[in-house]
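A structural walkthrough
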Amino acid sequence: MAQMEDIRDVIIVGAGPAGLTAAIYTARANLAPLMIEGVEAGGQLMLTTEVENYPGFVDGIMGPELMESMRKQSQRFGTEILTENVTSVDLAERPFKVSTASASHLTNSIIVSTGAKARMLDIPGERELLGHGVSTCATCDGFFFRDQELLVVGGGDSAIEEATFLTKFASKVTVVHRRDSLRASKIMQDRARSNPKIEFLWDTVLTEVTGDGKVTGAKTKNLKTGEEGTIAAGGIFVAIGHIPNTSLFEGKLDLIEGYIRTQPGSTATSVKGVFAAGDVVDYKYRQAITAAGMGCQAAIDAERWLESQHDA
Ligand code: NAP
């Protein structure tokens, strides 16, 4: 393992919109941030195509292009970027230690912005057609599916919320659920059941997403009868939950259902000097712009906290 270096002011772990915004702000605050971006940097926007709701881009921008611009912007102010995965963190004492396979880095503060992954069905066609009719975010992509027939997979609050939202655009939304009762809250269920555009396909799973370059439908299987079928759809929204990327922090930071717990009105975590931002914290909004906003907050919180340590 390489020699340890000087103590950093701030290390940012993860390079989606939250981490990159935190990098821009901390770099411009002269904190010389080290960003450890991971080998799959950029986060969920790397898996999307067109982003039309990020303010400032009148004609929209491709997700990976937006991430590349933010990355360059962070480097312009001196962010140092390591394309490695963090393998462990030691938060027991300050300076904290953040390790990768090649080195350990000491730092007075950390901003965690490791994001979350949408849980996927892992069926043929799903990955290939992600961004081409398969989506994990109705708020982001619903607008592209005007007057189309859509499928939403899942039976929780997200699925029902997404199905209801999609009826603003779609001609019909079919919720495909593997059981015959929903997990979603009663009030959301009632709203969906009384929506004339929403239908339910119970006890059913998708076994394959079909389409050549663009989704045309899916193959289905009824889990009770074993019957197999096909269903036509212009878009398929997978809403079966998210998995926050917090395995590095288990037992080290307070988590709520796997997400990092922050103090109300702040990005401070349960360990002083460690801040968290973006989808690793936020199970509610999950937007690039809200993650970026939180990244800015984390940068300001870290800067003020470091300042308070100098004064102490
Ligand atoms: P969730 O509550 O975990 O529901 C996931 C759904 O996907 C379940 O219905 C589950 O089926 C189904 N599922 C899981 N894996 C599957 C697979 N491999 N194939 C097919 N179906 C699968 O997740 P969520 O809906 O994203 O909600 C997460 C949390 O956020 C919850 O606490 C929820 O209440 C909250 N939330 C709240 C709101 C709101 O209040 N406005 C909105 C969104 C989310 P089973 O039911 O059979 O397990």
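Summary of the structure given here. (Residues numbered from 1 in each chain as written. Predicted model: local features only at pLDDT ≥ 70, side-chain atom pairs only at ≥ 80, totals over all residues. Heavy atoms only, no water.)

Next up on the list: the site of the ligand. Taken together, 14 residues lie near the ligand, and D157, S158, R178, R179 and R183 sit nearest. One of the side-chain N or O atoms of E161 is found 2.9 Å from a nitrogen atom in the ligand. Measuring from an oxygen atom of the ligand, one finds a side-chain N or O atom of R178 at 2.9 Å. Compared with its free state, where it exposes 920 Å², the ligand has 69% of that area covered by protein. Here the shell around the ligand gets three residues from one element, more than from any other, and that element is helix α4 (residues 157-166). Of the residues in the shell around the ligand, the class split is three nonpolar, six polar and five charged. (Near = heavy atom within 4 Å. Polar contact = N/O pair within 3.5 Å; in protein donor to acceptor, adjacent residues only side chain to side chain. Areas by Shrake-Rupley, 256 points an atom, 1.4 Å probe, with all protein chains shown as cover. Helix = DSSP H or I, 4+ residues; strand = E, 2+ residues; numbered from the N terminus. Nonpolar A, V, L, I, M, F, W, Y, C, P; charged D, E, K, R; others polar.)

Ordered by their spatial adjacency, three strands build an open sheet running β14-β15-β16, and the pairing between neighbours is antiparallel. Each edge of the open sheet carries a strand with a single partner, namely β14 (204-211) and β16 (228-232). Going from strand to strand, the sheet's axes swing by 30° on average, the running direction of each strand aside. For β14 and strand β15 (residues 215-222), the ladder comprises seven bridges, and the chain directions are antiparallel. Looking across to β15, one finds that T210 is bridged to G217. (Pairing = 2+ DSSP bridges. Axes fitted to C-alpha atoms, helices over the stretch in contact; angles between N-to-C directions.)

Moving on, we come to the state of the cysteines. Inspection of every chain in the model, using the stated rule, returns one disulfide. The partner cysteine of C137 in its disulfide is C140, sulfur to sulfur 2.1 Å. With the S-S bond torsion at 75°, the cross-link from C137 to C140 turns out right-handed. (Disulfide = S-S within 2.5 Å.)

Looking now at the nonpolar core. Among the nonpolar cores identified, the biggest contains 51 residues, and L91 and V112 are the most heavily contacted of them. Broken down by element, this core gets its largest block of residues, nine residues, from helix α6 (residues 288-311). Those residues in contact with L91 that lie beyond four places of it in its chain are F96, I110, F249, K252, L253, V271 and V274. Counting 18 residues, the second-largest nonpolar core is a separate cluster that includes A163, V173, L182 and A184. (Core = buried A, V, L, I, M, F, W, Y, C linked by side-chain atoms within 4.5 Å. Buried < 20%, exposed > 50% of the residue type's maximum accessible area, 1.4 Å probe, protein only. Contact = heavy atoms within 4.5 Å.)

In this model, helix α2 (residues 63-76) (14 residues) spans 20 Å end to end at C-alpha, consistent with the 20 Å of a helix rising 1.5 Å per residue. Every buried residue of α2 is accounted for by G63, L66, M67, M70 and S74. One face of α2 carries all of its buried residues, which in axial projection span an arc of 95°. Opposite the buried face of α2, by more than 90 degrees, sit the exposed residues K72 and R76. Against α1 (17-28), β3 (50-51), β4 (61-62) and β5 (80-82) lie the buried residues of α2. One or two positions beyond α2, positive phi appears at G78, with a value near 100°. (Expected span 1.5 Å × (residues − 1). Arc of directions from axis to C-beta.)

Taken in spatial order, the five strands line up as β10-β17-β11-β12-β13 in an open sheet, and their pairing is parallel. Looking at which strands have only one partner, the edges of the open sheet turn out to be β10 (134-135) and β13 (198-201). Two strands pair when backbone bridges link them, and strand β11 (residues 149-153) and strand β17 (residues 235-238) are joined in this way by four bridges, in the parallel orientation. Bridge assignment links V152 to a residue of β17, and that residue is F237.

Their axes nearest at 8 Å, the elements α1 and α2 cross at an angle of 20°. Considering the angle they form, α1 stands roughly parallel to α2. The chirality of how α1 crosses α2 is left-handed. On α2, the residues touching P17, L20, T21, A23, I24 and A27 of α1 are M67, M70, R71, Q73 and S74. Across the contact of α1 with α2, the residue classes tally to seven nonpolar, three polar and one charged. (Parallel < 35°, antiparallel > 145°, perpendicular 65-115°, else oblique. Left-handed = near helix turned anticlockwise from the far one by under 90°.)

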